[in-house]
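In case you want the letters, here they are:
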Amino acid sequence: ETGVTQTPRHLVMGMTNKKSLKCEQHLGHNAMYWYKQSAKKPLELMFVYNFKEQTENNSVPSRFSPECPNSSHLFLHLHTLQPEDSALYLCASSQVSGGASEKLFFGSGTQLSVL
Amino acid sequence: QKEVEQDPGPLSVPEGAIVSLNCTYSNSAFQYFMWYRQYSRKGPELLMYTYSSGNKEDGRFTAQVDKSSKYISLFIRDSQPSDSATYLCAFYILTGGGNKLTFGTGTQLKVEL
């Protein structure tokens with residue numbers, strides 16, 4: 001496996017379900033991110049982890065819960081989602097150097113549909 | 001005013017055409033200027049990266065930055081069907097309060113045979 005891998009690729013869930021998205025990076029990076037991509041909108045940053053510590057939570061509703069057990073793995077736990085949460089969820093990683101972390105490497109995303 | 005403006009397209013061109021993709025921005029503090037390419041059902045991948053005004057060339061791709069006009073462009077020469085994708089401009093600022101990466105909405109490009 002190389003790069004950033006995300007599972008599952010597609011997910012359909014009801015509003016009362018609980019599910020988790022998984023991300024793994026094989027690049028040796030020290031920062032990982034969750035982004036939300038909706039049609040006609042810019043990528044929205046949701047969470048940032050630097051060295052396993054959450055450094056940013058971009059006013060994301062509590063029905064989204066991230067977990068970063070180590071610098072290579074990132075999870076996004078989902079519960080009681082709303083239909084407007086349907087989107088492509090992208091995981092990314094980067095190497096923070098001198099404070100800068102501008103080059104992101106993305107996974108292929110999980111296409112989420114909430115019914 | 002939006003921080004970044006990007007025409008969503010779609011833009012359709014014949015194979016071999018020169019393609020020009022553009023973004024305008026309002027935040028003069030942006031330090032790095034990037035273009036990401038996103039194929040259908042894939043995540044974005046970094047295509048071009050620069051931090052200064054002027055042109056940067058990489059094969060058939062040229063990234064142009066005009067800081068005085070707050071305008072960046074991506075030119076694709078001799079476009080190929082494999083260039084069909086969505087192109088996202090992105091801007092990065094390194095601040096004491098935290099780094100910020102801002103994306104455009106993306107321009108969908110189709111190169112037809």
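Now for a look at the structure at hand. (Residues numbered from 1 in each chain as written. Chains lettered and ligands numbered in written order. Predicted model: local features only at pLDDT ≥ 70, side-chain atom pairs only at ≥ 80, totals over all residues. Heavy atoms only, no water.)

**Some thoughts on the side chain of Gln6 of chain B**
Residue and element names in this part refer to chain B.
Part 1: You can see Gln6 is positioned in strand β1 (residues 4–6).
Part 2: Here the side chain of Gln6 touches Gly106 through a polar contact of 2.8 Å, landing on its backbone nitrogen.
Part 3: A polar atom in the side chain of Gln6 sits 3.3 Å from the side chain of Thr107.
Part 4: The contacts of Gln6, once residues within four sequence positions are left out, are Asn22, Cys23, Trp35, Tyr87, Leu88, Cys89, Gly104, Thr105, Gly106 and Thr107. (Helix = DSSP H or I, 4+ residues; strand = E, 2+ residues; numbered from the N terminus. Polar contact = N/O pair within 3.5 Å; in protein donor to acceptor, adjacent residues only side chain to side chain. Contact = heavy atoms within 4.5 Å.)

**What about the pairing of strand β11 (residues 107–112) of chain B?**
Residues and elements named next belong to chain B.
Part 1: On β11, burial follows the alternation: Thr107, Leu109 and Val111 on one face are buried, whereas Gln108, Lys110 and Glu112 on the facing-out side are not.
Part 2: Where strand β9 (residues 85–93) lies against β11, three bridges are found, and the strand directions are antiparallel. Following the sheet pairing, Ala85 is matched in β11 by Leu109. (Buried < 20%, exposed > 50% of the residue type's maximum accessible area, 1.4 Å probe, protein only. Pairing = 2+ DSSP bridges.)

**Details of unusual backbone geometry**
Part 1: Omega for the bond connecting Thr7 of chain A with Pro8 of chain A falls within 30 degrees of zero, at -10 degrees, which places this linkage in the cis form.
Part 2: Topologically, Pro8 of chain A is positioned in the loop between β1 (4–7) and β2 (10–13).
Part 3: Residue Pro10 of chain B is bonded to the preceding Gly9 of chain B through a cis peptide linkage, with omega at 10 degrees.
Part 4: Note that Pro10 of chain B resides in the loop between β1 and β2 (11–14).
Part 5: A positive phi angle, near 65 degrees, is found at Lys40 of chain A, a position not held by glycine.
Part 6: Within the element layout of this structure, Lys40 of chain A appears in the loop between β4 (31–37) and β5 (44–50).
Part 7: One non-glycine residue with positive phi stands out, namely Asp78 of chain B, at about 45 degrees.

**So, the interface of chain A and chain B**
Many descriptions give the size of an interface as the accessible area lost when the pieces come together.
Part 1: In this assembly, 20 residues from chain A lie in contact with 18 residues from chain B.
Part 2: Of the roughly 1,500 Å² buried at the junction of chain A and chain B (both faces included), carbon and sulfur atoms supply 57%.
Part 3: The interface formed by chain A and chain B contains zero salt bridges.
Part 4: At the boundary of chain A with chain B, the tally comes to four residue pairs in polar contact (both at pLDDT 80 or more).
Part 5: Those elements that provide at least two residues to the side of chain A that touches chain B are β4 and β9 (87–94) of chain A.
Part 6: Tallied by class, residues from the side of chain A that touches chain B come to eight nonpolar, six polar and six charged. (Buried area = accessible area lost by both parts, 1.4 Å probe. Salt bridge = Lys/Arg side-chain N within 4 Å of Asp/Glu carboxyl O. Nonpolar A, V, L, I, M, F, W, Y, C, P; charged D, E, K, R; others polar.)

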